[in-house]
Amino acid sequence: PLCVIWLSFRGVSWTHAMTDLGLHRGAGLVKEVMIGIGGACASIPLMGILNVLVTIVQIAIEGGDTSSGTSVRTPGMYEVPDGGTWGLIWLGVLGSVIYAPITEEVLFRGALQRWLRVRLNWFFAVLISAFVFGVIHPYSIDGLISVAFGGICMGLMREWRQSLIAPIVMHFMHNGF
């Protein structure tokens, strides 16, 4: 509600604000969804390669010594809630696969990247928004790198498409996988 009041106070129309945030159909809903699916299919193998490289570097830095109790792992996104009831499990899955991608894309690619884009060139806007996106996730350094790389992929998609539909679809698919 405060955002709507702020927009009204500044004299910004709702249509202009939604377009500025990337909340529009772009080249058409079906085309944007298909491009998002293609982007996810292309980025997931790249993220896998990145995870392997990060693991190799991490093992090299630690010297293969696992006595410290640390282990190399990929970041888990969802833990089964205490009690493990199906209702709570489905609520968590829907939150992770539907709610989080929409909210995070609007915040990071829609608002933050757009705000940075006015002040910086597209390259730095994408990198900074992806870094902040990675940092807000409660993962170790290898998880931060993986999530930030996903943020770069979705940020590039936002720059290319100017709509958030394709990045949101990419995010749905990534979290769903």
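Residues numbered from 1 in each chain as written. Predicted model: local features only at pLDDT ≥ 70, side-chain atom pairs only at ≥ 80, totals over all residues. Heavy atoms only, no water.

(A) The arrangement of the nonpolar core in detail. Counting residues in each nonpolar core, the largest one holds 13 residues, and the members touching the most others are F133, M157 and M170. Counting residues per element, the ones that place at least two in this core are helix 3 (29-62), helix 6 (141-161) and helix 7 (165-176). A per-element tally of this core places helix 7 first, with five residues. Leaving out residues up to four positions away in the same chain, M157 has contacts with I35, G39, Q162, A166, P167 and M170. (Core = buried A, V, L, I, M, F, W, Y, C linked by side-chain atoms within 4.5 Å. Buried < 20%, exposed > 50% of the residue type's maximum accessible area, 1.4 Å probe, protein only. Helix = DSSP H or I, 4+ residues; strand = E, 2+ residues; numbered from the N terminus. Contact = heavy atoms within 4.5 Å.)

(B) Seen up close, the packing of aromatic side chains. Applying the stated criterion across every chain, the model contains four aromatic pairs. Aromatic pair F123 and F124: ring centres 5.3 Å apart, planes at 80°, arrangement edge-to-face. Residue classification places F123 among the partly exposed positions, given a relative accessible area of 40%. Owing to a relative accessible area of 42%, F124 belongs among the partly exposed residues under this scheme. Through a chain of ring-to-ring contacts, the aromatic side chains of W122, F123 and F124 assemble into a single cluster. Above the face of the W160 ring, R161 is positioned so that its terminal group lies 4.7 Å from the ring centre. (Phe/Tyr/Trp six-rings, centres within 6.5 Å; stacked < 30°, edge-to-face > 60°. Lys NZ or Arg CZ within 6 Å of the ring centre and 35° of its normal.)

These figures capture arrangement, not role.
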